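# Topology and contacts: notes
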Amino acid sequence: MDIVSVTGVVKRYDDLLALDHFDLHIKQGEIFGLLGPNGSGKTTAINCMLSLLNFDRGSIALFDEAMSATRYDLKRRIGVVPQQMAVFDTLTVRENIDYFCSLYVNDCATRRTMVEETIEFVDLGEFAKFRPKKLSGGLVRRLNIACGIAHRPELIFFDEPTVAVDPQSRNAILAGIERLRDEGATVVYTSHYMEEIEQICDRVMIMDHGRVLAQGTCDELKRGIKTGERIVVEIEGELPARELDRLRVLPHVLSVALEGRLLSVVCEASGHNLTDVLAALRAAGVPLGRITCAPPTLNDVFLEITGRELRD
């Protein structure tokens, strides 16, 4: 079953077309990465799914039922972890989680158990009596997550949950999201950290200007772009400019750049790129040091599909 089904949604802000016949389908139990540059329409799409915004055309169904602003029964099955911290500074960790859980769960005994299980889940037990201002940035992020998942939602939206946290906290947050998926939740995940998307997402969509540009698994997206691999060679001596020009005209070479002693050659997919590049360098008598060859990354996919110009 599609937990999320968005079909042909159009959303306008006066003359701005924010969503242009936007489609999105997410299966139960997926971690789905929603990617796009700033202003691409990600937030608008999510707000339409949550019925926080009206839209002009199309349909949205969650849990195979039509979503609307008054479908509180569906909203109780949804959790939202926003990028901006949504906690109360005057409440302790336990009190914050209990407050947000109480918006969905009335029974005190049931809620008490859920709050304690959530505190254990995000590993905040020793900080349960602390107020947010006494916590580190990573701990506040985990509290923010706890407040969004304490009522055991089946569908959870995470918006940049690892912004400005240390690597240890980031790893803990990502592991927690995977645990939520393993326990049956469906996750919609937005982030500008491509390595996170590659690590945890089952499928990925890249959107821009309110339209879907590409979607699939990370491997499928990588196979769908022109970039095949990046060869980096440490140059031990001098590399004349004419040799750079000879590399640029090799078959399948897309770009050549020399920064200090590191030569970077980006190629299309081909089985002979490394052999061709090294043969050209050795024929020129260039002393070589360390050599690495890496396949394309999700970041390469993102830039090739959405462009490299700066966004506001």
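What you see is a predicted model; the values in this text were computed from it and never measured.

The four strands lie next to each other as β12-β13-β11-β14, forming an open sheet whose pairing is antiparallel. What marks the edges here is a single partner per strand, and that holds for β12 (253-259) and β14 (288-294). Pairwise comparison of adjacent strand axes, ignoring direction, gives a mean angle of 15 degrees for this sheet. Of the pairings in the sheet, the one linking strand β11 (residues 227-235) to strand β13 (residues 262-268) comprises seven bridges and is antiparallel in character. Residue I231 lies in a different strand from β13, and its bridge partner there is V265. Across the face of the sheet, helix α9 (residues 241-248) comes into contact with β12 and β13 while running at roughly 155 degrees to β12.

For strand β1 (residues 2-13) and strand β4 (residues 57-62), the ladder comprises five bridges, and the chain directions are antiparallel. Paired with V6 across the strands is I60, a residue of β4. Strand direction decides the pairing type here: β4 and strand β5 (residues 65-66), joined by two bridges, are antiparallel. Bridge pairing in β5 links L62 to E65. The turn linking β4 back onto β5 is made up of two residues, and F63 within it adopts a positive phi angle of 55 degrees.

Sheet strands pair via backbone hydrogen bonds, and the direction of the pair is either parallel or antiparallel. Ordered in space as β2-β1-β4-β5, the four strands form an open sheet in which the pairing is antiparallel. Unpaired on one side and paired on the other, β2 (16-27) and β5 mark the two borders of the sheet. Taken together, the eight bridges between β1 and β2 define a ladder with antiparallel strand orientation. Directly across from V6, in β2, lies its bridge partner L24. Contacts between helix α1 (residues 42-49) and the sheet are confined to β1, β2 and β4, with β2 contributing the most and set at about 65 degrees to the helix.

A few words now on helix α3 (residues 93-102). Looking at α3, one finds that the buried residues are V93, N96, I97, F100 and C101. Mapping the buried residues of α3 onto a view down its axis gives an arc of 125 degrees, with all of them on the same face. In the core, the buried residues of α3 are packed alongside α4 (108-121) and α5 (137-149).

As a further point, take the nonpolar core. Ranked by internal contacts, the top residues of the largest apolar core, which has 48 residues, are I97, F158 and Y189. The dominant element in this core, judged by the number of residues it contributes, is α5, at seven residues. Apart from residues no more than four positions distant in its own chain, F158 is found in contact with V81, I145, I149, I177, L180, V187, V188, Y189 and T190. Of all hydrophobic cores here, the second largest spans 26 residues; its members include V9, C48, L155 and V188.

This part covers the side chain of S40. Looking at where S40 falls in the secondary structure, it is placed in the loop between β3 (31-35) and α1. Under the relative-accessibility criterion, S40 is labelled buried at 1%. Of the polar contacts made by the side chain of S40, one reaches the backbone oxygen of P37; its length is 2.9 Å. Setting aside anything within four residues of it in sequence, one finds S40 in contact with A18, M207, D208, H209 and G210.

Calculation notes
- Residues take numbers from 1 onward in each chain, read along the sequence in its written order.
- Totals for whole chains, interfaces and linings use every residue, but because this is a predicted model, local features are given only for residues with pLDDT of at least 70 and side-chain atom pairs only at 80 or more, for both listing and counting.
- Note: side-chain values were computed over all heavy atoms of the structure, leaving out hydrogens and water.
- For two strands to pair, DSSP has to find at least two bridges joining them.
- Numbered from the N terminus, helices here are DSSP runs of H or I no shorter than four residues, and strands are runs of E no shorter than two.
- Every angle, taken between N-to-C directions, lies between 0 and 180 degrees, and every axis is a line fitted to C-alpha atoms, over only the stretch in contact when it is a helix.
- Pairs of residues are marked as contacts when any of their non-hydrogen atoms sit within 4.5 Å.
- Throughout, exposure labels follow a simple rule: accessible area from a 1.4 Å probe, protein chains only, divided by the maximum for the residue type, with under 20% read as buried, over 50% as exposed, and the rest as partly exposed.
- Here, the arc refers to the directions that run from the helix axis to the C-beta atoms.
- The term nonpolar core refers to a set of buried residues drawn from Ala, Val, Leu, Ile, Met, Phe, Trp, Tyr and Cys, joined through side-chain atoms within 4.5 Å.
- Within 3.5 Å is the distance limit for a polar contact, defined as a pair of N or O atoms, with the added protein rule that one can donate a hydrogen and the other accept it, and that residues adjacent in sequence qualify only through two side-chain atoms.

By themselves, these figures tell us nothing about what the structure is for.
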